[in-house]
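# Structure assessment
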Amino acid sequence: MAASELYSKHARVWLPDAAEVWKSAELIKDYTPGDLTLTVQLDDGTEVEYKIDPRTNILPPLRNPDILVGENDLTALSYLHEPAVLHNLKVRFMDSRLIYTYCGIVLVAINPYESLPIYEADIISAYSGQNMGDMDPHIFAVAEEAYKQMARDERNQSIIVSGESGAGKTVSAKYAMRFFATVSCSSGEANVEEKVLASSPIMEALGNAKTTRNDNSSRFGKYIEIGFDKKHCIIGANMRTYLLEKSRVVFQAHGERNYHIFYQLCASSHLPEFKAFKLGCADDFHCTNQGQNPVIDGVDDAKEMCDTRRAFSLLGINESDQMAIYQILAAILHLSNVDVKDQSADRSSILPGNVHLMVFCELMGVSCEEMAHWLCHRKLKTTTETYVKSVSKTSAVNGRDALAKHIYARLFSWIVDSINSSLKSTTKQHSFIGVLDIYGFETFDVNSFEQFCINYANEKLQQQFNQHVFKLEQEEYMKEEIPWTLIDFYDNQPCINLIEAKLGVLDLLDEECKMPKGSDDSWAQKLYNTLLKQNAHFDKPRLSNRAFIIHHFADKVEYQCEGFLEKNKDTVNEEQINVLKNSKFDLLLKLFADDEKAQSSANKRTSVIGRAGQAQRDNKKTVGLQFRQSLHLLMDTLNATTPHYVRCIKPNDDKTSFTLDPVRTVQQLRACGILETIRISAAGFPSRWTYQEFFSRYRVLMKQKDVLPDRKQTCKNLLEKLIKDRDKYQFGKNKIFFRAGQVAYLEKLRSDKLRMACVRIQKTIRCWLARKKFLRMRESAITVQRYVRGHQARCYVKFLRRTRAAVVIQRNVRMWAARRRYQQQRSAAISIQCFLRAYMAKKQYYKLMFEQKAVVIQKWMRGWLARQHYRRTLAAITLLQSCVRRMRAKKELKKLKVEARSVEHFKKLNVGMENKIMQLQHKINEQHKENRELSERLNIVEKNHSVEREKQSREIKNLLRSEQEARAKAETLPSLLEQLSFLQHELENTRREKEDLEEQTKVYKEQTQQVVEELNMKNGLLNSEKDEMSKIILEQAQQLTDVKTNIENIKQMDKDLTEERSRYQNLLSEHLHLEERHRDLKEEMNLSISSSKSGHKRTDSNYSSNSSEFSLSLGSSEGEDSSIQTEDETQSTVDLPVLLKLQRRVKDLEQDKQTLWQQLDRKEEAQQENAKQVEEQTTACRAELDLEKLKRQELESENKKLKQDLTELRKSLTNEDSELMPPAPGSLPYSILLDQLSSSNDELEMRKEEVLLLRSHMVRQEALKHKDSALGEGVKLDLEIPSFQDVDRSTDIHTLNEDGELWLAYEGLKETNRLLEFQMQEQERVHNEKYRELLEEVNKLKNEKEQQQKLLAQSLFLSEDARIEASLKHEITRLTNENLELLEQQEKQDKTMRKLKKQLKLYIQKVEDFEASAQQKNNASLMNAPVRAVNITRKEKEYQGMLEYKEGDESRLLKNVVIDLKPRGVAVSFIPGLPAYIIFMCLRYADSVNNDQRVSALLNSTISSIKGVIKRRGNDFEVVSFWLANTCRLMHCLKQYSGDEVIMTRNTAKQNEHCLANFELSEYQQVFGDLAIQIYRQLIKCVESVLQPLTVASMLEHEAIQGVLGSKPTGLRKRSTSFPEEGAVTVEVLLQRLGHFHTTMSQHGMDPDLINQVVKQQFYIICAITLNHLLLRKDMCSWSKGLQIRYNVWQLEEWLTERELADCGAKETLEPLIQAAQLLQIKKKTEADAQAICNMCTALTTAQIVKVLTLYTPVIEFEERVSTSFITTIKNLLKDRVESSTLMMDAKKIFSVTLAFTPSSVALETIQIPASLNLGFLTRI
């Protein structure tokens, strides 16, 4: 595609920058070919004009889409260039805090300068067995890939770890070796893995030092070969070292340290064993104080010394050799402090009393005078004479330092050889994995000989790396049949030739070293003359004649020639060495023993010539030559292996955690070859997609008609349309190859297509919103107009009304004026009439008033009397009631005090007290209210009386006036006198009435006061009662608190019990493991003894050491002693201590086990007391069940009688020895017998049907009654039909009556065929019905799906309210339909039940009629038959539930019942637990004969046999499940028939008769319990091994809903299961496996409680594995993956519901996974979101939450990453949470198992022994 398409507006590019190397920018203007500038805008908003070079016309590199940023593999990037690599590493390192990234075949590791929790054992377990592309990048993934390829390809592997100092090479190599030591197992040799790991602290102490760049820098290179045997187990290791930096022993730059071992030795100088070394602090010695930085922050040298000494001991270096090593190191420290005095220009000396020299010589065991002499002198040899010459002070100091370096180098080499000898394997090595920890490319301000050798080694490694990358690319193209064109990659062979070829730098250096007067200057001139103009990689500095420049692959480096010759020669004064060789110090002599061998061999070769000194000088290899040879050997080794590369990057020089310096990082990326790898990949087709991946990703770019069944052709057609240039892509067999930038272009097209779709959706929605807004505005305008017009109309109407009102007012005013005049005239006429009429009216009024007052007084008086009588009656009744209630309350109080101690009564009493208090309070309120009413009424009466008095006083005044008027008018009105007398009389009456009323009022007040006092007294009593009740309530509350406290204590005790049980089971598991180890060691010892003896015969070992095993399991010390004594005394001395340690450990474990069992018994006794109450409740439920069983037994006994009658009849027909011959066919007796036979057969069939009906009825009743009770667990119905083998048959075939018996057999055969045919037809009918129902259900689901799709399509065009209403309507319709269907189903079931009831009644009636008719026929035949009656009844045998066996038959019994038994056939054909019942029945026989030896032998052999089967077939789930069920059943039988009174109450009377009579086997119950726990743990391991490969593929990788996730480029490290293929593991496969497990356990008769515990453990394993892989896979942390996980978890929960296992605790174990899925889907932006996450994720730890948020990766462009500020907020909110800091869930955790006692309902006397078990030697008693 053209540049104008890519460099368009808004395209993002990278611009060079001095500080950040590359800076991001965005085009704000389209680029047109020919433009000289690009207008871009930086991220900070600055606009920049980027100039384009017109000669090259190179445009700035493009940025990758955001969706590709942060990928696990750099090769997955569409644009492969330096800025893309740098940016991807920066995002992963700083934002996601991920330190590992793939770059093709290379693992890039960035040093975080912080301890990370990603190297624990659970992380190793998670990466073990996984494909490299399936997990996030990690050093463990590289190690696993190497280990897997070694095992698969049978080819040696190498892991090459490189990088500059401080990048983390040593740590990476150490973790790789730790991975190998963890995932492999030792092969016969103990502690091989520990020894391999122990070599690391030793080599770090002796070869690592603090530099300015790194606190633990490796100053040597090492290559460790870890050897493996054919089983891929570590058997040994070998180490090779390269170029130890000896100069550091005597010189360190400022801020650096010497090797760690010196500082560790000084820090431990106070120890007694180091007193003789006369050491002090590190500042006291010259070789440790030059850097002036003797302490490393956070490092304790004394503690590190302890670790070093422990590592020495672990590697087998004895204490004497260790002290010798420390002695030599201390001598080196003292040697550095030897002071040389200057006597003249060429003479020097050491003072005789130099303390440090004396200590040095004392420690080294040499003469002080000789060493002082040769430190200041040297010997010169010529052909004829030898001279001793003194040297200057400088030469003497150099010689002293050279001696110290030489001693340290020899000591270092000797320690490496000792480590190799300790790690060397005695067996043959089959393959190895090498770990190369070597220095990276180095360039300093001053570069010397060490940097030259280091860079030379990196040149060789880079060449090998380039060739390997090129080879892999070529193989990939050839595999996919892509045309291969040669890619031009950088070949550094010319630079290597410059260094190592003839007349190269090293060759000229060696030649100059041989010259007598060779110097650094002369060597530099030779370099200039020979190489300056001949080789382009060699150059000379402008301002120096003592330096040279070499152009390496990473950078050009300037080397200073000074010191090259001296370091290359590595010369030491031979006389000083001779002095050391004369030492009495053994280790020192060992160090220089090689020199003597080499010298003697050289003397022999040169004895003829006679110039030994010259020969030694010529034959001595220089350092450069040695390094070149060792490097060639290393390259040969690497080329013979499959290499794996780890490139370590140092992010900054300040050692700041998670901070990336772009300049330093780019320098290292260029130096380590990462960018060269990118360049090689970018030169070809770096982006590679499978056809399915491409189709899934870019399906949006196709139309429906373009999609073909052939995915490959579909992808080809699409690419031909999208990319016109065929050179930009190639079609392989399985993949599509793209050149750089093409995937980005396709992503751009995809993003544009999705963006256009979004725009179209937005356009439609905005149109809908705008139209909706317009319609609302239009409706609003119409509404406003309507209201305005209404307002105007109302105003007009108001005006009309006002006009009319004015007219009316005028009319009325005029009328009023006329009427007023009329009224004045009329009132004048009426006034006259008024006075006259008033007199008459007053007279009449006074009369009426008198009568009315009298009526009122009578009314009040009668009312008062009635109320007074009512109150007195009410008070009497109330008093009577109070007395009666008080008497009852006292009785009730006594009763309540008795019952007051129960918690339930307290609760009920609280409720009653509260109600009573409320009633009392209500009563008090009513009385207060009544008092208020009475007081108010009293006030009203007083007011009325006062008003009456005022009225009477006014009347008296009126009367007085009237009297005065009457007296004035006495003459004229004599009648007034009479009226006056009458009024006086009335006044007197009124006064008397007033006095009476006052008295009554006084009495009423007194009574009212008494009532008020009584009410107050009652109120006080009520208050006191209230206080007492409140006290009682408080006491009850305190008691409730105590009860709650007790409940909490009980819960805590349960928790402690669970912990104790878990601890005990772990100890038991360890004990059993030690038992197996002990047994294996004994077998190996016996085999070794047997191999040494001649004529020894092999014996069957299946039943060996039974008693010893049992004695070990019971903790018997005598058994242990005897087992020890029976061992052969000729066993090896190595095995005996191991056996003693194991036995001591077994004793300790047995003591712990006994203690734990006692604690467990004490705690379980309390639980059993609680269980008794539950058992009492179940007793009532058993009565009805026993009644049903009794009916069934009666019917079965009748069936047996009928069978016996039939058998007797057949015998009588075929008996030739009887007195009378059988009747002839056709005769009357023969026909009678035939009738009887047919009637008996019919009756037998009817009885069978009736028994089956009753059994099914009992099963339903039992399931309904005991579904939730403890009784339901123990009830098992025996529904087996007796086999034909149990029917007694005649053994003599010649006695058969051919006319009679064969005909009967033929008729029976026909009847059987008809029955089978009927059953087949019935099954076919049922199958057809089920098929029809399933078909209807499928059609129904299809219809629902179509309706939902239609509803969804319609709802898109509706408003939100309408959408909700539509969805509600749809939901109501759906529920209505479901209700109708359920009603129809219920009606059908009711009809079926009625029909079955009718049939049952009909069958019962037929049976009764048939029995009556059969009885009549039998009577008639007996009366009419002239022949002798035949007796066909036999008394039924009663078995005792025991199996008799002969002594010594235990092995035969267990061979048939345990060892050779196939669980599948037994589980299907026979009753569950049959082997356990058989063994227990045999045990009962041994108990009945009172033979303790037979009991012990049988039980011990059983335990041993079961252990043997589990050991041999422990990986077979069916076998382990079968024997777990039978072991538990045998343990329950031992307890059920033990004779315990508590348990006997649960048994039937017959079962109690079968209890053991002579032996108490409680200890064996414990042994079988331990065995069951062992088998349970093995069962869980089997389940884990099966679920491990299924879980990740089904729960995480499989997409049940295609297209939800989408796919992203995955680079060279393709995921193994990126897309579904044929046979892919789905959730359905996982559920099928879980269903198989559950079905198998149910068929084996395992206890339901135990099945629940297994299911809970299975779901925990699924959750742990899934969550651990989610935390280690960045590609799985997305929103869509969270949706997929929740869907898969829902399927698991549905499976639990279908199996009725919802309450087993399995759902709770899935909670962490559910919360992790929710965390992926929840909004993650604001602080409220952070708070919601913290409240939601209670089952996840803080580390897990932060990890998920950090790994969250958008799959599509519209998602956003989680910001670092949000993650910081989460951390702050969760910082106070107390929890474990581990990241991973413990997938190996096994919950403690409880083996609840489950009694069996199977009667032992009814158990039949199948003939297929070959147990004919057993006899039922």
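Structural data are supplied above this passage.
Given the structure is predicted, the values throughout are model-derived calculations rather than measurements.

### Digging into a positive patch on the surface
- A grouping of R885, R886, R888, K890, K891, K894, K897, K923 and K1018 is seen on the molecular surface, where their side chains present a positively charged patch.
- It is helix 28 (residues 742–899) that provides the largest number of residues to the positive patch, a total of seven residues.
- K891 sits in the exposed class, given a relative accessible area of 59%.

### Topic: the pattern of salt bridges
- According to the stated counting rule, one finds 40 salt bridges in the structure shown.
- Of the charged contacts in the structure, one is a salt bridge between D17 and K23, with a shortest N-O distance of 3.4 Å.
- A salt bridge links E511 to K526, with the shortest nitrogen-to-oxygen separation between them at 4.0 Å. Linking E511 in helix 16 (residues 505–514) with K526 in helix 17 (residues 520–531), this pair joins segments that are 15 residues apart in sequence.
- Connected via shared salt-bridge partners are E164, K650, D653 and R664.

### Looking at the nonpolar core
- Judged by nonpolar contacts, the single largest core of 323 residues is most densely connected at F180 and F548.
- Broken down by element, this core gets its largest block of residues, 17 residues, from helix 45 (residues 1562–1597).
- Among residues more than four places away in sequence, those in contact with F180 are A143, A146, Y147, I159, I226, F228, I234, I433 and V435.

### Considering the pairing of strand 4 (residues 47–51)
- Two elements, strand 3 (residues 37–42) and strand 4, share five bridges in a ladder whose sense is antiparallel. Bridge pairing in strand 4 links T39 to E49.
- Between strand 3 and strand 4, which pair antiparallel and follow one another directly, the connecting turn spans four residues, one of which, G45, has a positive phi of 95°.

### Digging into the sheet that holds strand 16 (residues 431–437)
- The mixed open sheet is built from seven strands, whose spatial order is 5-6-20-7-16-10-11. This sheet does not close on itself; its edge strands, each paired only once, are strand 5 (100–103) and strand 11 (234–242). Across the sheet, the axes of successive neighbouring strands diverge by a mean angle of 20°, strand direction being ignored.
- With five bridges connecting them, strand 7 (residues 157–162) and strand 16 associate as parallel partners. Paired with S158 across the strands is G434, a residue of strand 16.
- Contacts from helix 4 (residues 139–153) reach strand 5, strand 6 (106–110), strand 7, strand 10 (221–228), strand 16 and strand 20 (642–649) within the one sheet, and its direction differs from that of strand 20 by about 170°.

### A word on the side chain of R647
- Among the secondary structure elements, R647 is positioned in strand 20.
- Aside from chain neighbours lying at most four places away, what touches R647 is V106, L107, V108, A109, I160, S162, Q462, F465, C672 and I674.

### Here's the deal with the packing of aromatic side chains
- Applying the stated criterion across every chain yields a total of 36 aromatic pairs.
- Ring centres 5.6 Å apart and planes at 85° place the aromatic pair F449 and F564 in the edge-to-face group. In this pair, F449 sits in helix 14 (residues 449–479) while F564 sits in helix 18 (residues 564–569), placing the two residues 115 residues apart along the sequence. Judged on exposure class, the residue F449 and its partner F564 are both buried.
- Here the aromatic rings of F452 and Y559 are separated by 5.5 Å at their centres, their planes lie at 85°, and the arrangement is edge-to-face. Of the two residues, F452 is situated in helix 14 and Y559 in strand 19 (residues 556–560); the sequence distance between them amounts to 107 residues.

### Points about the sheet that holds strand 19
- Sheet architecture is open: three strands sit in the order 17-18-19, paired in antiparallel fashion. Since the sheet does not close on itself, it has two edges, and those belong to strand 17 (538–539) and strand 19, each with one partner.
- Note that strand 17 and strand 18 (residues 547–551) share two bridges and pair antiparallel. The partner of D539 across the bridge, within strand 18, is I549.
- Strands strand 17 and strand 18 of the sheet are contacted by helix 17, whose axis makes an angle of about 45° with strand 18.

Conventions used here
Residues numbered from 1 in each chain as written. Predicted model: local features only at pLDDT ≥ 70, side-chain atom pairs only at ≥ 80, totals over all residues. Heavy atoms only, no water. Patch = residues over 30% accessible without salt bridge, like charges linked within 9 Å, V, L, I, M, F, W, Y side chains within 5 Å. Areas by Shrake-Rupley, 256 points an atom, 1.4 Å probe, with all protein chains shown as cover. Salt bridge = Lys/Arg side-chain N within 4 Å of Asp/Glu carboxyl O. Lys, Arg positive; Asp, Glu negative; His and termini not counted. Charge placed at Lys NZ, Arg CZ, Asp CG, Glu CD. Helix = DSSP H or I, 4+ residues; strand = E, 2+ residues; numbered from the N terminus. Buried < 20%, exposed > 50% of the residue type's maximum accessible area, 1.4 Å probe, protein only. Core = buried A, V, L, I, M, F, W, Y, C linked by side-chain atoms within 4.5 Å. Contact = heavy atoms within 4.5 Å. Pairing = 2+ DSSP bridges. Axes fitted to C-alpha atoms, helices over the stretch in contact; angles between N-to-C directions. Phe/Tyr/Trp six-rings, centres within 6.5 Å; stacked < 30°, edge-to-face > 60°.

Function-wise, these values are silent; they only describe arrangement.
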